[in-house]
Structures are given as structure tokens and as C-alpha cells.
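Fold and geometry: a report
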Amino acid sequence: MWLCGSIWNASSWATEDGKYKDDYNYQPFVAKFTNFEAGGCSAYSSSQCLSVSAYPFRSGRQQYRAVRWVQRYHMAYDYCNLQGPKKEPCLNTRRMELASADAPVNGPSAPGMGQVQSPGDALSNFPPMTTVEPLRSFKDVSKSERQVLFLRKLQICCFQFDFTDNLKSVRQKEIKRQTLLEIVDFIQTGMGKIPEKSLGEMIKMVGINIFRSLPPGYHETTGPEGGDPEDEENYSEPAWQHLQIVYELLLRYVVSSDTETKFAKRYIDHTFVLKLLDLFDSEDSREREYLKMVVHRIYGKFVVHRPCIRKTISNILYRFIYETQRHSGVGELLEILGSIINGFTVPIKEEHKLFLVRTLIPMHKLKHVALYHHHLSYCVVQLVDKDYKLADAVVRGLLKYWPLVNCQKEVLFLGEVEEVLEEMQSAEFQRCMVPLFRQIARCVNSPNFQVAERALFFWNSEHIVGLISENRQVVLPIILGAMEKNIQSHWNTEVHGLTVNVKKMFLEMDPDLVDECERRLQDKEVRAGEAEEQREMAWKKLEEAAAERERGRLTYGGSPSRFRM
């Protein structure tokens, strides 16, 4: 091995800002180090051997090219190229130039991709591809040649094209598409087991194609508010004809029974998973659907990535709630979370309870919750099903964010509350029943018939009716006034009929309690009427006093203030 480094240009310091001239008679300049240690990875080491953060982990040719780029644009002078009688032998820069020239012109060796290289650099012995030309089929070569052909096909698939222009590179695009299909078929049919070196190149090819900067979202191009997401047109990714096959390739590899996670986790690592989750903000629903399937399969197969996936999804949702309030893939992320929560063991961990309180419940306050409420409600109910003691916190959280003027959201909230009540035990019900049924009473009196009807549907559940029956001494006085008001004056006949049926259920439970509550209600109405009469009399007296004062001002021809003592 050989080591390249850079030396700080200390000319300004050594010459006191040019006071003394540089004297190259003392060349070559030598730097001496004590206890010098160099850390790094050998060429054939595992990908888990990470280099220092300041130096990207790339193949040898990529390193050479990166060094040449730094020398070309950032080096003040090169001692090896200085003209002078005492020029000493230097690093073989010609070797670096040749190595840099061997790098492929497109795709896999592009700096900054951040992809993990396979040990041994599987493509290092192949000449670079400068053009896209079709290769032979896997069926036309012997079994021993398939792995070589597989790597060559991966090189073709690393070429990237401009899909915004349908007339540009048509032939090359079709060759790449057919090659991708052949690789998918190669993986699916199991014509050859993918060795570790080839696996690294395949995952790198997948990353080159799918990891990209997403275009500005609809809300970023339509002003601060961005309009209603429900009215947004479906976006289609221009490169989807290639991206779909790449996603299919990744999905088939992850779900394959031949996939060995022991080796695959070296390449499908935390960085790869994080980049996958970032792509959920794509506005193309087809891409989000593939991402959902891939991430779900990775979560199930790669146990080591599970905490990372949960934490990253949580961070995405935090930013969605408290910063942007815009994200295209919230529904898909919640769907993944739903399946994850469904697999939690009992008792659930404290971190999952905090996730419910800090993330899932606050998501109800957002304006466009209807777009993802189905999956959100499923996650919440699954957690309550795992630990019924969480029901009280969920109900109080929903009451905190209860909509005031949005009837559609009220219907959604009522449906979620009913599902939570189905999992609730008596002790938790007693803690929240007073504020809960005050809100239900308001919903029963809602002029919107859908809200009133949905609230009255609570009495169709045997479990909820059982909880109400056990606590009817508290619930009935709260709800009876709303029911009587509906029976007397609600405009919708369906709501009127449902209210009558609910009252009959209470009469069957405890007729004496209903009679007592009705008497209290009548007394309350009488007292309210008397208070209203007193208010009217007080206002009438004030009006008479004001009128008398005005007459006095007109009689004496001046302001009443003139007669103050």
C-alpha cells in the first residue's frame, strides 16, 4: 500500500508574510513525526471497516480520481513538478493518472453517491463502459460465465439518462430497461446465487438509480399555503419506466429465500435504509407503494435495522407535525407502523407509549388529517389493544384536539373514539367519561346530521352500552338534555328517531333514574327561565334610566354633566 497526504502551505508563516524570500536551496523539505499512526481499511476488508469521516469510503480508482481532483483545484504547488537540479523521486503520479482514467465515465464511480463498495472491488478487472450496448442473455452463456455477465449488466444499469426529453437516447434507454428486466429475471428464477462481491455492486447500482434529489413538491410551487392536498394532481416520475424495475429488483432480492442477511446487511445498511425512508416524500404514489413494500420486508428480515427504522419514521413524523405539516408519504409510513405495532410483544415498552403521546396523538390536530386518518387510527387502536391503560390518554388527547368547525373531522374523531371505547375497561372509562360525554352531547345536538348520527351510533355497541349502564348515574344527566333538545327540535328525521331509541334504552336500564333526571332538567329549565326574566327586567330598568336621563338633558338644553355636583 502507499499513503497520500497533503502538507499545509506555511510559506506565509515561515517568511513572515513575505519579509524573507523562499529559499529552495534547502529542498527537499522533510517533515518528521513521532508516534505516527495511520488508520484505514485494507482493499479486501469487510465493508464494516469504516474509514475516517473526512475521507469517503470508495474503491481504489475512485480514491485516485478524488486525489487528482483535489490536486487540480486546491493544490498551490507540487514539489514533484518543481523545476530544479535537486528534484527528488516522487510518488508515481502516472500510476494515479492511469488508475483515474480506468474509472467508468458514468454512474458507479460518480463521486458523492455514498454507496458501500464490495470487498475486493468486483469491477476492478473489467474495462470501463463508455457506451450502452446490449449484452448476451444469461441463457446463452455457461453457468461459470453468468457472474461475469451479471456484473457487466450491472455496469450498463448504472448509466443514467435524461427522461424529461422523450426523444433523447431512446435506444440506450431501451437497452438499459431490457437489461434491468433480465437482472430481475435472473434474481427471481435463481439461475445463479449472487456472491458477496456481486451483491455489493448490485446494491450500489440500485442506489445510483433510486437515490436522487426529489423535485419541488406541489405546495412548494403554489405558494405558502400550497392549496388543498386532496385537489393535487397525481404526479408521475419521468424515469418511472426504469425506477419501477429497479424497485422490483430490490424487492425480489429482499424477499428471496436465498438472501442471507449475514452478508446482505453489509450493503443494505443503516445509510441505505435512511435514504430509502427519505424517498417517501416522493409525490409519485407508485414509488411510495414500492417503498412501503421494500421497507416493510427489510424490517421483517433485517432485525438489526428495526430500531433505526422506527426512530427514523418517528423523526420524519416529528418534522411533519411541528415544522412542515406537509409530507407525501405520511399514509404509507403510518401503514408500515401499523404492521410494526401489530407485532409488538406485551407488555409494550415505554418508548412506544411515548411515541403514542408525542407523535400519534398530536397528528390529529393537523388540518388535512383526513388524508391519513385511517392508518393513524389503526396505529392508535393497536397500541390501546396492546395496553388498555393507554385508552384514557388517547381519549383525552382526542378531546384536546377536537375540531370546532370541521364536521368531516368530527365524524372521523367519533369513529376513532368508538374504536378506543371498544378496548376500554371500566376503570379507564370512569376517568374520562365526564369530559367525553360532554363532547358527545354537543355532537348529538350538532345541526350537521352526519355528526349527530355518528354520535348516536355509540349505543349500537354492546360493550359501550355496558360501560354506560355501569355508570349511568353520571352519564345520563350529561346526555339527557341533548336528547330532549333533539326530540323537540332537530330537523333531521333519522337523528330524531335514533335519539328516541337511545332514550328508550335508558328507560329500560333505569326508569326511575330517567324520571329523576327529567325532573332535574325541568327544574333547571325553570330556573333558567327565571334567570332570563330577571335579566330582561334588569335591561328594561337600564333602558328606562337611560331614557329619563336623555329627557332631562333635552329639557335643560345642555349636557347632563353640567348638573353634576
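Residues numbered from 1 in each chain as written. Predicted model: local features only at pLDDT ≥ 70, side-chain atom pairs only at ≥ 80, totals over all residues. Heavy atoms only, no water.

The protein is annotated in an unreviewed UniProt entry as Serine/threonine protein phosphatase 2A regulatory subunit of Hibiscus sabdariffa.

**Observations regarding the packing of aromatic side chains**
One pass over the full model with this rule turns up 13 aromatic pairs. Here Phe211 and Phe272 contribute two aromatic rings whose centre-to-centre distance is 5.2 Å and whose plane-to-plane angle is 70°, an arrangement assigned as edge-to-face. Linking Phe211 in the loop between helix H6 (196–210) and helix H7 (218–221) with Phe272 in helix H10 (residues 270–278), this pair joins segments that are 61 residues apart in sequence. Both residues of the pair, Phe211 and Phe272, belong to the buried class. For the pair Phe320 and Tyr372, a centre-to-centre distance of 5.8 Å together with 75° between the ring planes defines the contact as edge-to-face. (Phe/Tyr/Trp six-rings, centres within 6.5 Å; stacked < 30°, edge-to-face > 60°. Helix = DSSP H or I, 4+ residues; strand = E, 2+ residues; numbered from the N terminus. Buried < 20%, exposed > 50% of the residue type's maximum accessible area, 1.4 Å probe, protein only.)

**What to know about helix H19 (residues 449–456)**
If you check which residues of H19 are buried, you get Val451, Ala452, Arg454, Ala455 and Leu456. Lining the buried residues of H19 we find helix H17 (407–422), helix H18 (426–444) and helix H22 (493–509). At the N-terminal end of H19, a side-chain oxygen is found 3.0 Å from the backbone nitrogen of Gln450, two or three residues along, and the residue is Asn448. (Contact = heavy atoms within 4.5 Å. Polar contact = N/O pair within 3.5 Å; in protein donor to acceptor, adjacent residues only side chain to side chain.)

**A look at helix H13 (residues 330–342)**
End to end, H13 covers 18 Å across 13 residues, agreeing with the expected 18 Å (1.5 Å per residue, within 8%). For H13, the tally of buried residues reaches 10 of 13 residues, placing the bulk of the element in the interior. Within H13, the full set of buried residues consists of Val330, Gly331, Glu332, Leu333, Leu334, Ile336, Leu337, Gly338, Ile340 and Ile341. Buried residues belonging to H13 abut H10, helix H11 (285–301), helix H12 (306–324), helix H14 (350–360) and helix H15 (373–386). (Expected span 1.5 Å × (residues − 1).)

**Some details on the nonpolar core**
Counting residues in each nonpolar core, the largest one holds 131 residues, and the members touching the most others are Met202, Leu276, Leu334, Leu360, Met363 and Trp459. In terms of residue count, the dominant contributor to this core is helix H8 (residues 240–255) (10 residues). Setting aside residues up to four positions removed in sequence, Leu360 forms contacts with Leu334, Phe355, Leu376, Cys379, Val380 and Leu383. (Core = buried A, V, L, I, M, F, W, Y, C linked by side-chain atoms within 4.5 Å.)

**Thoughts on the environment of Ile298**
Its place among the elements puts Ile298 in helix H11. Each C-alpha atom of the pair Ile298 and Val255 lies 8.4 Å from the other, and the pair is 43 residues apart in sequence. Discounting residues that sit within four places of it in the chain, Ile298 has contacts with Val254, Ile268, Val273, Leu276, His305 and Ile309.

**Here we look at the pattern of salt bridges**
In this structure the tally under the stated criterion is 24 salt bridges. Taking the shortest distance from any N to any O, the salt bridge between Glu335 and Lys292 comes out at 3.2 Å. Pair noted here: Glu335 is in helix H13 and Lys292 is in helix H11, with a separation of 43 residues, a long-range link. The salt bridge involving Lys503 is made with Glu518; its shortest N-O contact spans 2.9 Å. (Salt bridge = Lys/Arg side-chain N within 4 Å of Asp/Glu carboxyl O.)

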